[in-house]
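Structural description and commentary
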Amino acid sequence: MRPVEVFREARRDVCTGAAGALTCAVVLALLLCGVVGATARATVQDVRGAARFLSSGAATQVFTAAGRIDGRACQALTQDPRVVAAGAVRRVADGLLVSSLPGTAIPLHETTTGFPTVLGVEGRLGGPGVLLAPDVASALGKAAGDDLPVPQGSVPVAGIYSYPDDGRDPDLEWAVLAPAPDDGRPFDACWATVWPADDSASAALRRTLLPGTAGFAGTAGFAGTAGFAGTAGTAGAEGTRPTLGQLNPRSGATFEATAQLPAGSAETAALGVGLTVGVAAARRRRLVVASDRHVGVGVGAQAVSAAVQHLMWGVVAGSVATALAVVLVRGLSIGDAAPVVLHAAALSGLAVVGAVCGGIVGVASVRDRALHRYFRSR
């Protein structure tokens, strides 16, 4: 047969239903959706679980050594690709007096520029100024972009940081954060979000400790935001032992991923499903194949025809399985969802390859001399 006739015959068999394309597509889609769905669901659960782990502060390590932390070294931790964010913080002894709360000082902390990123507020700042804890903002009736009245004038509110009561260190639940002047003064703690977890990245936090540094106290104006000044410094004392721990240990020391199948098992399953359905579809038409061969149709032409038919309904089934993955990743960011969908498409592609190869194998396994046996067993 001429190649054009082979393709025409394959198209006619699919369009007229003689090839059982609809049944084959449905069967392959159902089986493939099981493989793709299980793999995608497990991956999505892990992605969402990891996001919860990060947002809870469980991946944030806090190295505390009052008055002995090198802020610049803490900021430099972000050069490690496993450190998502890092920043240093120190407490201002006198706190912050606000005109609307006379006689009450709100705890004030000075931070390096990277500290807001650790709290997840970078990119949502309304401009230079202070960050307010949610409870402080609610009590004062302030939002990002407002001015905060203080005895010396006013300071702008750059934003509100999220700090839920979920087991994390409560020190910042009622506080104001202000940018610290880059004057080389030490800090009280270095916070670093390390992801994925890595012992060497966590150990690097200890290297932010200033050698031979005792407690520091002194008068320092708040130069980060104009409008007021106060007695800054740290409450550290010589001999205080540094500590390293999680910001929030409630979620566990490490992130536990969903039990995954052995490497390559999903790919093997997808290929096996396609191959099985492909062989079954070709063997289902063994009487037709043997009859055509009996009248002179070559094995090569039949194999090409079967490959074209299986490719047509295989692509339909693969598209359905990939669409299922698209549904399962809804709500994820593009960066997290894309790898899941691409993996689903790869699994679907393997299944289609298996179906095509199965069709060729199935056709090749049909014997002309067995025509009468196929006829009797139809």
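Residues take numbers from 1 onward in each chain, read along the sequence in its written order. In keeping with the model being predicted, local features are shown solely for residues with a pLDDT of at least 70 and side-chain atom pairs are shown and tallied solely at 80 or more, while totals for entire chains, interfaces and linings include all residues. As a rule here, side-chain values cover all heavy atoms of the structure and leave hydrogens and water aside.

1. Let's talk about the overall build of the chain
Just so we agree on the cut-off: Only runs of H or I of at least four residues qualify as helices and only runs of E of at least two qualify as strands under DSSP, and these elements are numbered from the N terminus. Any residue under 20% of the maximum accessible area for its type is buried, any over 50% is exposed, and the rest in between are partly exposed; the area is computed with a 1.4 Å probe on protein chains only. Note on definitions: a residue-residue contact is assigned when non-hydrogen atoms from the two residues lie within 4.5 Å. Areas reported here follow the Shrake-Rupley algorithm with a probe of radius 1.4 Å; residue values treat only the protein chains shown as occluding.
The helix and strand tally for the chain stands at eleven helices and nine strands. In the chain, which comprises 378 residues, the proportion classed as buried is 44%. In the chain, the proportion of contacts linking residues at least 24 apart, taken out of those at least 6 apart, comes to 81%. In the structure as shown, the chain presents an accessible area of about 18500 Å², 60% of it carried by carbon and sulfur atoms.

2. So, the pattern of salt bridges
In a structure, side chains of opposite charge can pair up when their charged atoms sit close to one another. We count it as follows: Note on definitions: salt bridges are taken to be side-chain nitrogens of Lys or Arg within 4 Å of carboxyl oxygens of Asp or Glu.
Scanning the entire structure with this criterion turns up eight salt bridges. Notably, a salt bridge pairs Arg168 with Asp166, separated by 2.9 Å at the nearest N-O pair. The exposure class assigned to Arg168 is buried, which follows from its relative accessible area of 8%. Here Asp183 ties to Arg185 by a salt bridge, and the two come within 2.9 Å at their closest N and O atoms. Given a relative accessible area of 41%, Asp183 falls into the partly exposed group. Three or more residues joined by partner-sharing salt bridges are found here, namely Arg90, Glu110, Asp183 and Arg185.

3. Side note on the state of the cysteines
As a reminder of what qualifies: The disulfide definition used here is simple: a pair of cysteine sulfur atoms within 2.5 Å.
Taken as a whole, this structure holds one disulfide when the rule is applied. Covalently, Cys74 is tied to Cys190 through a disulfide, its sulfur atoms 2.0 Å apart. As the torsion about the S-S bond is roughly 85°, the Cys74-Cys190 disulfide counts as right-handed. Residue Cys74 is found in helix H3 (residues 71-75), and its partner Cys190 is found in strand E8 (residues 187-194); the two are separated by 116 residues along the sequence. Residue Cys74 shares its accessibility class with Cys190, and that shared class is buried.

4. A word on a positive patch on the surface
Note the threshold: Patch criteria: residues need more than 30% relative accessible area and no salt bridge. Like-charged residues are merged within 9 Å; nonpolar side chains of Val, Leu, Ile, Met, Phe, Trp and Tyr are merged within 5 Å. In this tally Asp and Glu are treated as negative and Lys and Arg as positive; neither His nor the chain ends contributes. One atom stands in for each charge, and that atom is NZ of Lys, CZ of Arg, CG of Asp or CD of Glu.
On the surface, Arg41, Arg48, Arg52 and Arg330 cluster together to form a positively charged patch. By secondary structure assignment, the location of Arg48 is in helix H2 (residues 21-55). We classify Arg48 as partly exposed; its relative accessible area is 34%.

5. Here we look at the packing of aromatic side chains
For clarity, the cut-off: Working definition: a ring pair exists when centres of Phe, Tyr or Trp rings (six-membered ring for Trp) sit within 6.5 Å. Plane angles under 30 degrees give stacked, over 60 give edge-to-face, the rest tilted.
Taken as a whole and judged by the stated rule, the model has five aromatic pairs. Ring centres of Phe53 and Trp195 lie 5.9 Å apart, and the angle between their planes is 45°; this geometry places the pair in the tilted category. Separated by 142 residues along the polypeptide, Phe53 in helix H2 and Trp195 in the loop between E8 and helix H6 (199-203) bring together distant segments of the chain. Look at Trp195 and you get partly exposed, because its relative accessible area is 24%.

That's the geometry; what it means functionally is another story.
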